[in-house]
Amino acid sequence: MGIIGRLFEVIFGDGRNLVKDTAEVFFENTEAGAVREANNRSSAMQQFAAEFAVERKGAFDRLMDALNRVPRPLMAFGTIGLCVSAMVDPLWFASRMQGIALIPEPLWWLLGTIVSFYFGARYQVKSQEFQRSVAATVAQAPIVTANIAALKALEAGAQGQGVPPASSAPSWEAKPIYVPGAEAENSALEAWKGGRDE
């Protein structure tokens, strides 16, 4: 083996690339950086998906939710029914009210406490569900804002080329959608366009 062979053995031997390894001390390996960036984005998306996932409820949970929905309509319609029954059959209504008059006061307090706790707990559950839905909606705001900005830019560009504005365009035409990265500069394309114009 000659001197050149030994030189290549020193630089590229052991299955390693000494030039590449030395350069990576000073400059980031672009391919490895892209892989790390993709892994970071994937991890973030998995975290968002887990956080905002629609919870799947079993049969028991659905049954309990259905039962939780019964008391409020039952109380509302029951009260309206009592008012109607007072007009339709006053004697029947009066006999029922005499029975209610016999309920002792501690039982009224107990009933009031149960109803208060029921409505308070129900309010808290619904409030937490509402906050989760608001958080999910707010998370979509940057995407919506970017889509609107892209649509306005496309509309402004179309009007500059003599194309009628979107408001006067037929409704059957496809609307432009936002493509991530579409607004990024493409130096190769610009160089090609510059060379073509000459």
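Rules behind the numbers
Residues numbered from 1 in each chain as written. Predicted model: local features only at pLDDT ≥ 70, side-chain atom pairs only at ≥ 80, totals over all residues. Heavy atoms only, no water. Helix = DSSP H or I, 4+ residues; strand = E, 2+ residues; numbered from the N terminus. Buried < 20%, exposed > 50% of the residue type's maximum accessible area, 1.4 Å probe, protein only. Contact = heavy atoms within 4.5 Å. Axes fitted to C-alpha atoms, helices over the stretch in contact; angles between N-to-C directions. Parallel < 35°, antiparallel > 145°, perpendicular 65-115°, else oblique. Nonpolar A, V, L, I, M, F, W, Y, C, P; charged D, E, K, R; others polar. Salt bridge = Lys/Arg side-chain N within 4 Å of Asp/Glu carboxyl O. Patch = residues over 30% accessible without salt bridge, like charges linked within 9 Å, V, L, I, M, F, W, Y side chains within 5 Å. Areas by Shrake-Rupley, 256 points an atom, 1.4 Å probe, with all protein chains shown as cover. pLDDT = per-residue confidence, 0-100.

## A few points about the overall build of the protein
Here comes step 1: Of regular secondary structure, the protein possesses nine helices and zero strands.
Here comes step 2: Counted from the first residue to the last, the protein has its helices and strands arranged as α-α-α-α-α-α-α-α-α.
Here comes step 3: Put simply, the protein has 198 residues, and 4% of those count as buried.
Here comes step 4: Of the contacts made within the protein by residues no fewer than 6 positions apart, 51% connect residues no fewer than 24 positions apart.

## Structural notes on the packing of helix α5 (residues 71-88) against helix α7 (residues 105-139)
Here comes step 1: The interhelical angle for the contact between α5 and α7, taken along N-to-C directions, is 130°, at an axis separation of 11 Å. By the criterion of interaxial angle, the relationship of α5 to α7 is oblique. Across the interface between the two elements, Pro71, Arg72 and Met75 of α5 pack against Tyr118, Phe119 and Arg122 of α7.
Here comes step 2: In terms of residue class, the contact of α5 with α7 is made up of four nonpolar, no polar and two charged.

## So, the pattern of salt bridges
Here comes step 1: One pass over the structure, following the stated rule, counts two salt bridges.
Here comes step 2: Among the ionic pairs, Glu37 bridges to Arg41, the shortest N-O distance being 3.0 Å. Placement of the pair is Glu37 and Arg41 together in helix α3 (residues 30-51), with a separation of four residues, close to one helical turn.

## Some details on a nonpolar patch on the surface
Here comes step 1: A cluster of nonpolar side chains, contributed by Phe60, Leu63, Met64, Leu67, Val70 and Leu74, occupies part of the molecular surface with about 580 Å² of accessible area.
Here comes step 2: The biggest single contributor to the nonpolar patch is helix α4 (residues 59-68), with four residues.

## As for the confidence of the model for the protein
Here comes step 1: A residue-level look at the protein finds 78% of positions with pLDDT of 70 or above and a mean pLDDT of 77.
Here comes step 2: Predicted confidence in the protein is weakest over helix α1 (residues 3-12), with a mean pLDDT of 70, and strongest over α5, with 89.

## Observations regarding the side chain of Ser85
Here comes step 1: Along the chain, Ser85 falls in helix α5.
Here comes step 2: The residues contacting Ser85, other than those within four sequence positions of it, are Pro90, Trp92 and Phe93.

## What to know about the environment of Arg132
Here comes step 1: Looking at the secondary structure, you find Arg132 in helix α7.
Here comes step 2: By relative accessible area, which is 48% here, Arg132 ends up partly exposed.
Here comes step 3: C-alpha separation for the pair Arg132 and Glu51, spaced 81 residues apart in sequence, amounts to 9.5 Å.

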